[in-house]
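# Breakdown of the fold
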Amino acid sequence: MKELPYDKTDAYSIEGYAKKLLDKSLRDVLKDLYDLELKIKAKGSLGQTTEKYYFLYENNSKSEPDFPEAGVELKTTPVITDNKVQLKAKERLVFNIINYEQEVRREFIDSSFWTKNKLLLLMFYLHEKDEIDIDLVFKLIRLFRFPAVDLKIIKDDWEKIKSKIIAGKAHELSEGDTFYLGACTKGANNTPTRKQPFSNELAKQRAYSLKPKYLNVIIQKTLKGEHDLIDQTDDYRRILENNIVADPLAKYSKVKKDGSLSPVVKHLDDFENQTIEQVIVSKFDRYLNKTAEQIFEELGKDPNKKAKNYYDRLTKTILGVNVESDIEEFEKAEITIKTIRLKENDLPKEDISFPAFKFEGIINEHWDESAFKEILEHKFLFVFFQFIDDRLVLRKVKFWNMPYKDILEAEKVWIKTRELIRNGEIVKEIKKGRRSTYFPNKSYNSVAHVRPHARNIEDTYPLPTPDKLTGVTNYTKYCFWLNSQYVREEIYRKF
DNA sequence: GCATGATCATGC
DNA sequence: GCATGATCATGC
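Quantities reported herein were computed from a predicted structural model and do not represent experimental measurements. (Residues numbered from 1 in each chain as written. Chains lettered and ligands numbered in written order. Predicted model: local features only at pLDDT ≥ 70, side-chain atom pairs only at ≥ 80, totals over all residues.)

## Here we look at the overall build of chain A
Quick reminder of the rule: In this description a helix means any DSSP run of H or I spanning at least four residues, a strand means any run of E spanning at least two, and both kinds are numbered starting from the N terminus. Taken over C-alpha atoms, the radius of gyration is set against a globule rule of 2.2 Å times the number of residues to the power 0.38. Any residue surrounded by 20 or more other C-beta atoms within 10 Å of its C-beta is treated as buried, while 12 or fewer makes it exposed and the intermediate range makes it partly exposed; C-beta atoms here are placed from the backbone. With C-beta atoms placed from the backbone, a contact is any residue pair whose C-beta atoms sit within 7 Å.
Regarding its fold elements, chain A presents 16 helices and 21 strands. Taking 495 residues into account, the globule formula puts the C-alpha radius of gyration at 23 Å, and chain A, at 25 Å, falls close to it. Taken along the three principal axes of its C-alpha coordinates, chain A extends 85 × 55 × 50 Å. Within chain A, buried positions represent 31% of all 495 residues. When contacts within chain A are restricted to residue pairs at least 6 apart in sequence, those whose partners lie at least 24 apart make up 67%.

Rendered as structure tokens:
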């Protein structure tokens, strides 16, 4: 047996050896180090190839980490560049598949997720569309462990996923259910095939995952020299309510402040035995039924009322975060904030719009990978104000993500829309110069409808099929909207 | 008064 | 210049 080029019991040794791949491809390094010519042409297996030919161990899909003696799990994941400048994650980081039957019998500390993924060796490589795996270049390599505050949130996320399985709703799991640790679908076809313990309904196969923006924060902090590997033994013990072994990484560098992000929760103590959701919502409690002006006055601030970011500032000020920064928890969990102004009958003054879709794009999408479903599976923070005479008072603040049954409703609107675009059935009639279309309206569906969303009538996207009635090949930009009635009944008025 | 068509404003 | 969030205007 050949001697390993690193100490398999030492995470730092593994990391140091891994870093020899920085700015190089696997093929380059293996040729330089070992005069080994790889002839592998396969795609989609960079992680496995790296394990086998660089770290010289056989792939396993066991529940233990890839380097069991050091407790390190290897993850290769693609990054892309923003205008050749900034690195950002191309996709989620996907962990182990959730075995619904087994996971519910465990506690977090012995869960499949925590057993395997306590300490990660992250290897970010630059995605190139036409390159084969072993020629891809690694750009960022580091050990990573979850900061204690994040681990607390992740543990709560795990409990949420477990409780949904216990409720017999594994088939209704959604990434919007949780903050950081998601349950994303995994597998070539998305048909439900996996058994779940408390329902006869088959569920889609899902794996634990981190959202791309969570990875972006890791990338940005790493580029700034932060490592988040300071001694967290005591904090970890508090979270896990269990003794854990002495921290092998206790000696690492200090965390620096990140100027572009501002966390709501800075220390474990700030949770006060609440979830992140409870912490955030409760910060609004004392301002309920007050006007925005009153709230700002109490907070000792007086921003420009006409400014477009007036309500954004209000939310940030209440949460006690830097108004010039993004809210760290919201960024990493990809939470969308929607400020809604209700009329006196609780009906939102406006429907809620989303970004315009491209007609040519939507016809080639499948629902499960569609941009619209992606949006709907996010978590939202709704901040409801209500008009009393002509003053707006804060009424309710709640986190929300769309229930499974309503996602199925939204799917009908999307399918209908795609079909109309494919067939070129856009314009129904033109009366007094105003066009009406066949797109699904409010009476078609209780959840969502389709309406224009453009700078003006000239602001168009190309049609894949010319419109049958008018023959035009471009049409005003459209988008999906959430019906105001839906927002009132299912988001504002529900519990 | 509401549904639908149309457009504005800001920030990157 | 465009994407995105927000809002206005018209006709039934």
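## Some words on the environment of Ile-166
Note on placement: Ile-166 falls in helix 6 (residues 148-166). The exposure class assigned to Ile-166 is partly exposed, which follows from the 14 C-beta atoms found within 10 Å. Counting along the chain gives 248 residues from Ile-166 to Trp-414, while the straight-line C-alpha distance between them is 31 Å. Excluding residues that lie within four positions of it along the chain, Ile-166 makes contacts with Val-104 and Phe-198.

## Let's talk about the sheet that holds strand 12 (residues 336-342)
Stated formally: Pairing between two strands is assigned when DSSP locates at least 2 bridges connecting them. Geometry is summarised by axes, namely lines fitted to C-alpha atoms with helices restricted to the contacting stretch, and by angles between N-to-C directions that run from 0 to 180 degrees.
In space, the 3 strands of this open sheet follow the order 12-14-15, with mixed pairing throughout. Sheet topology places strand 12 and strand 15 (391-400) at the edges, where each strand pairs with a single neighbour. Going across the sheet, the axis of each strand differs from the next one's by a mean of 20 degrees, ignoring polarity. Across 9 bridges, the pairing between strand 14 (residues 380-388) and strand 15 is antiparallel. Pairing of Phe-380 across the sheet is with Trp-400, part of strand 15.

## Notes on the protein's contact with DNA strand C
Where we set the bar: Here, nearness means that the C-beta atom of a residue, built from backbone geometry, sits within 6 Å of the molecule or strand in question.
Near DNA strand C lie 13 residues; those nearest to it are Thr-339, Glu-350, Ser-353, Pro-355 and His-453. The biggest single contributor to the surface near DNA strand C is strand 12, with 3 residues.

## Regarding the sheet that holds strand 18 (residues 448-452)
Across the sheet, which stays open at both edges, the 3 strands sit in the order 13-21-18 with antiparallel pairing between neighbours. Taken across any chain shown, the strands that pair with only one partner, and hence form the sheet edges, are strand 13 (352-353) and strand 18. This element, helix 15 (residues 404-423), spans strand 18 and strand 21 (478-482) of the sheet and lies at about 40 degrees to strand 18.

## Remarks on the environment of Gly-361
Here Gly-361 lies in helix 13 (residues 359-362). The exposure class assigned to Gly-361 is partly exposed, which follows from the 13 C-beta atoms found within 10 Å. Placed 75 residues apart in sequence, Gly-361 and Arg-286 show a C-alpha to C-alpha distance of 46 Å.

## Some words on the packing of helix 6 against helix 8 (residues 233-240)
For the record, the criterion: Throughout this description, any angle smaller than 35 degrees is read as roughly parallel, any larger than 145 degrees as roughly antiparallel, any in the 65 to 115 degree range as roughly perpendicular, and the remainder as oblique. Two helices cross in a left-handed way if the nearer one is turned anticlockwise from the farther one by less than a right angle. They cross in a right-handed way if the turn is clockwise. Under the scheme applied, nonpolar residues are Ala, Val, Leu, Ile, Met, Phe, Trp, Tyr, Cys and Pro; charged residues are Asp, Glu, Lys and Arg; polar residues are all the others, including Gly.
Where helix 6 meets helix 8, the closest approach of the two axes is 10 Å, and the angle between their N-to-C directions is 15 degrees. With respect to their mutual orientation, helix 6 and helix 8 come out roughly parallel. At the point where helix 6 passes helix 8, the crossing takes the right-handed sense. Each of Ala-148, Leu-151, Lys-152 and Lys-155 in helix 6 lies in contact with helix 8, whose residues at this interface are Asp-235, Tyr-236 and Ile-239. Looking at side-chain class alone, the contact of helix 6 with helix 8 contains 4 nonpolar, no polar and 3 charged residues.

## Looking at the confidence of the model for chain A
Formally: Per-residue confidence from the prediction method is given by pLDDT, with values spanning 0 to 100.
When pLDDT is averaged along chain A, the result is 86, and 92% of the positions lie at 70 or above. Averaged pLDDT values over the elements of chain A bottom out at 79 in helix 8 and peak at 95 in strand 9 (residues 206-210). Confidence over residues 243-258 falls short of pLDDT 50; this stretch has 25 contacts with residues more than four positions distant or in other chains.

## Details of helix 3 (residues 46-54)
Which entries qualify depends on this criterion: The arc under discussion is defined with respect to the helix axis, by the directions toward the C-beta atoms.
For helix 3, the set of buried residues is Leu-46, Thr-49, Thr-50 and Tyr-54. Taken around the axis of helix 3, the buried residues stretch over an arc of 100 degrees, which confines them to a single face. Looking at the packing, one finds that the buried side of helix 3 touches helix 2 (26-34), strand 1 (72-82) and strand 4 (119-126). Positive backbone phi, at 60 degrees, marks Leu-56, one or two positions downstream of helix 3.

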